[in-house]
Amino acid sequence: MQLEIVVVMDPIGSIRIAKDSTFAMLLEAQRRGHRLHYVLPGGLSVRAGRPWALAAPLEVRDDPSGWFTLGPPAARELAAGQVVLMRTDPPVDANYLHDTQILGLAQRAGALVVNDPRGLRDMNEKLTALEFPQCCPPTLVTRDAATLKAFIAEHGEAVLKTLDGMGGRSIFRARHGDPNTNVILETLTEGGRHLAMAQRYIPEIAQGDKRILLVDGVPVDYCLARIPQGDEFRGNLAAGGRGEGRPLSDRDRWIAEQVGPEMKKRGMLFVGLDVIGDYLTEVNVTSPTCIRELDKQFGLNIAGMLFDAIEARCG
């Protein structure tokens, strides 16, 4: 069965193929004989109520000196028989939301959109974790600085962050009595206008912020622990963390069992869970990463697992 794979992603010429999970998906799709189409940035549109994409035929190669070739772009209607990979990075701003609405039209026209556009709109990656409170550390979300300060005082130390950051940006660690707390809270909430999240500081971050990948609700057997380096407390790879693969612990599997069925139910075929110590901290649905690192360390084919699930849904 040959599929038309339409990918909406960040500019392909600027990716780092050794670490890019979207690129791993494209390599696997091509290996299986599917045809690839690259949507030019900003190329989604609606014509007479139907979803269209300005897309170019795409070939990929696992070669850092030249990893893609594009054919001439053309407008194509998004409809049945196509699989759309929605893989642009946050922020989930107005442009992103509008693109998911167009992809919702494509879904209703019969295309399989990965991940489900409604889920991409509804599932804030930090707030969604709180749908599984049994898995999470003590957490507070509010605009009120005094309430946030009381939370820090109660727990002694907390991690503070915005609800729309990624890659470790705008994450702060604050201790009770820290004279910088007021300015941190003013910055995060913009003077009480925006929600901020506070989570009890988890010392196990020193052993890594684990990324667990779910494929159609089922966890990959290994996670990537992103370990902070030097005087940095953030483990994010984008913040300089070192990636170390590990087998899932019993607690990791329990968390995946709590979250996975709901992700499958909501059409989220590829999801990344962030776990520190024994606690779920985020549920990543927009463009989870770490495929290439885990494949390399353990001889896996995680994109192959994903395309098994995609082909099963298209069969």
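Scroll up a little and you will see the structure.
Residues numbered from 1 in each chain as written. Predicted model: local features only at pLDDT ≥ 70, side-chain atom pairs only at ≥ 80, totals over all residues. Heavy atoms only, no water.

(A) How the structure looks around the pairing of strand β12 (residues 209-215). For β12, the buried fraction is high: 7 of the 7 residues fall into the buried class. Of the two faces of β12, the one carrying D209, R211, L213 and V215 and the one carrying K210, I212 and L214 are both buried. The sheet contact formed by β12 and strand β16 (residues 270-276) spans 7 bridges and is antiparallel. What sits directly across from D209, in β16, is I276. Pairing of β12 with strand β13 (residues 218-219) involves 2 bridges; the strand directions are antiparallel. Along β13, the bridge assignment pairs L214 with P219. Where β12 hands over to β13, the hairpin turn is made up of 2 residues, of which D216 adopts a positive phi near 50 degrees. (Buried < 20%, exposed > 50% of the residue type's maximum accessible area, 1.4 Å probe, protein only. Helix = DSSP H or I, 4+ residues; strand = E, 2+ residues; numbered from the N terminus. Pairing = 2+ DSSP bridges.)

(B) Main features of the side chain of T181. Along the polypeptide, T181 turns up in helix α5 (residues 181-189). Using a relative accessible area of 6% as the deciding quantity, one classes T181 as buried. Within the local environment of T181, its side chain forms a polar contact with the backbone oxygen of D178, the two atoms lying 3.0 Å apart. Once residues lying within four places of it in the same chain are set aside, the contact partners of T181 are K149, I152, A174 and R175. (Polar contact = N/O pair within 3.5 Å; in protein donor to acceptor, adjacent residues only side chain to side chain. Contact = heavy atoms within 4.5 Å.)

(C) Spatial organisation of the pattern of salt bridges. With the rule as written, the count across this model stands at 24 salt bridges. With its nearest N and O atoms 4.0 Å apart, the salt bridge here joins E4 to R76. Residue E4 is found in strand β1 (residues 4-8), and its partner R76 is found in strand β5 (residues 74-77); the two are separated by 72 residues along the sequence. Between E244 and R246 there is a salt bridge, with its nearest N and O atoms 3.1 Å apart. Judged by relative accessible area, which is 28%, E244 ranks as partly exposed. Salt bridges sharing common partners tie together E28, R31, R32, D308 and E311. (Salt bridge = Lys/Arg side-chain N within 4 Å of Asp/Glu carboxyl O.)

(D) Expanded view of the packing of aromatic side chains. For the coordinates displayed, the defined rule picks out 2 aromatic pairs. Between W67 and F68, the ring centres sit 6.1 Å apart and the planes meet at 50 degrees, which makes this aromatic pair tilted. An angle of 15 degrees between the planes, with centres 3.9 Å apart, marks the rings of Y222 and F298 as stacked. Pair noted here: Y222 is in strand β14 (residues 222-227) and F298 is in helix α7 (residues 291-298), with a separation of 76 residues, a long-range link. Among the residues examined, Y222 registers a relative accessible area of 26% and is labelled partly exposed. By relative accessible area, which is 28% here, F298 ends up partly exposed. (Phe/Tyr/Trp six-rings, centres within 6.5 Å; stacked < 30°, edge-to-face > 60°.)

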